[in-house]
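Inside the fold
So you can see what is in the structure, the chains are spelled out below.
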Amino acid sequence: MMLLEDDYQAKLFPYAYNILGSIEDAKDVVQDIVVQQVNEESVNIEKPMAYMVKSVINRSINLKKRNKKLTDDTTWLPEPVSTDSADSLVNRDEIISYSLLVILENLTAKERAVFMLKEGFDYSHEEISQVIEISIENSRKLLSRAKQKVQGKPVKEPHSKSKRESSFFKKYVEILKNRDISNLEKLLSEDIALRADGGGKIKVVKDLSIGKASTLDLLIYVYHTYQISHEVELRYINHQPALLFLQNGKPVNCQVFELINNTITNIYSVVNPDKLRHL
């Protein structure tokens, strides 16, 4: 049982999380499959790991389809996974980048699974067809459709803490603090987008802001209204830099940034407390 929990859990979690975008749902799916495997120890399964991967993926696809019906009309962001610290129960190298997870919400559950297996885990179309029980041709079609929607977004955006990046975000926070509009404009792309997920539990000022002018005003307003007294930490979430705002040591907002050539192109702001508790 120790092997199942310490080894299988870490290996199975990324498959479930990359499809579901939810830590709790992924853990529940993995736990169900692991327990099922323990209860079926007497069954002669030639490759138990492959069997559990297949079970986890298909269970995750079905759950994603059900969850999708509940979130179509709201701004929903993936649950953040910290990738700047070690955790024996999570294989962090296989966690998909945050920006890509957001885009994957535009895919069907099967498109998402095929894309994740092919691009993230280097499965062949033959292997994919066996895992989710579709034809090889259908697997190719699903991947083609997924790639069109993803539009070249990388599967992972590896980051490690650097003085340069730390300096960038220290400057960014100082600019917000000083209401330095001219310098903030220089850090934002013209078509920057800010998405906020309160999960219906925390009221957000605006769940979607597109364009430099409106996003700039929103960032300054939110900082001086809600964040100015909070502690701020630079973290890495799903391989991307993020600012974690803490109140009395408790995370209250996680802002994940997409940077291209030292310009902020997307900000994903999670304030839903249920999605912050693992941080």
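To keep things clear, this report deals only with the structure shown in the data block. Keep in mind it's a predicted model, so treat the numbers as computed, not measured.

Rules of the game
Sequence order as written defines the numbering, with residues in each chain counted from 1. Local features in a predicted model are, by the rule used here, given only for residues with pLDDT of at least 70; side-chain atom pairs are given and counted only at 80 or more, and totals for whole chains, interfaces and linings are based on all residues. Neither water nor hydrogens contribute to the side-chain values; these are computed over all heavy atoms in the structure. We call two strands paired when DSSP finds no fewer than two bridges between them. Each helix is a run of H or I in the DSSP string that is no shorter than four residues. Each strand is a run of E no shorter than two, and both are numbered from the N terminus. Whenever a helix is involved, its axis is fitted only over the stretch in contact; in every case the axis is a line through C-alpha atoms, and angles between N-to-C directions fall within 0 to 180 degrees. Oblique is the label for every angle not falling under 35 degrees (roughly parallel), over 145 degrees (roughly antiparallel), or within 65 to 115 degrees (roughly perpendicular). Contact criterion: two residues are considered in contact whenever any of their non-hydrogen atoms come within 4.5 Å of each other. Crossing chirality is assigned from the near helix's rotation relative to the far helix, an anticlockwise turn below a right angle marking it left-handed and a clockwise turn marking it right-handed. When residue character is reported, Ala, Val, Leu, Ile, Met, Phe, Trp, Tyr, Cys and Pro are called nonpolar, Asp, Glu, Lys and Arg charged, and the others, Gly included, polar. For each residue, the accessible area found with a 1.4 Å probe, counting protein chains only, is set against the maximum for its type, and the residue is called buried under 20%, exposed over 50%, and partly exposed in between.

Right, let's get into the sheet that holds strand β6 (residues 263-270). If you trace the six strands from one edge of the open sheet to the other, you get β2-β1-β6-β5-β4-β3, paired in mixed fashion. Here the strands that pair on one side only, and so sit at the sheet edges, are β2 (208-210) and β3 (231-237). Sheet twist, expressed as the mean angle between neighbouring strand axes with direction ignored, is 20 degrees. Direction of pairing for strand β1 (residues 188-197) relative to β2: antiparallel, over a ladder of three bridges.

Now for the packing of helix α6 (residues 125-132) against helix α7 (residues 136-150). Axes are the key here: two packed helices are described by the angle between their axes and the distance separating the axes. At a minimum axis separation of 8 Å, α6 and α7 run at an interaxial angle of 100 degrees. Here α6 lies roughly perpendicular to α7, going by the angle between them. Residue-level contacts link H125, E126, I128 and S129 of α6 to I136, S139, R140 and L143 of α7.

Looking now at the packing of helix α5 (residues 109-121) against α6. The geometry of α5 relative to α6 is characterised by a closest axis approach of 10 Å and an angle of 135 degrees between their N-to-C directions. Judged on the interaxial angle alone, α6 and α5 are oblique. The chirality of how α5 crosses α6 is right-handed. Taken together, the residues of α6 that come into contact with α5 (itself represented by K110, V114, L117 and K118) are H125, I128, V131 and I132. When the residues that make up the contact of α5 with α6 are grouped by side-chain class, the tally is five nonpolar, one polar and two charged.

Tracing the backbone shows F257 in strand β5 (residues 250-260). Classification of F257 by relative accessible area gives buried; the value is 1%.

Note that every value here comes from positions in space, so none of it alone points to a role or purpose.
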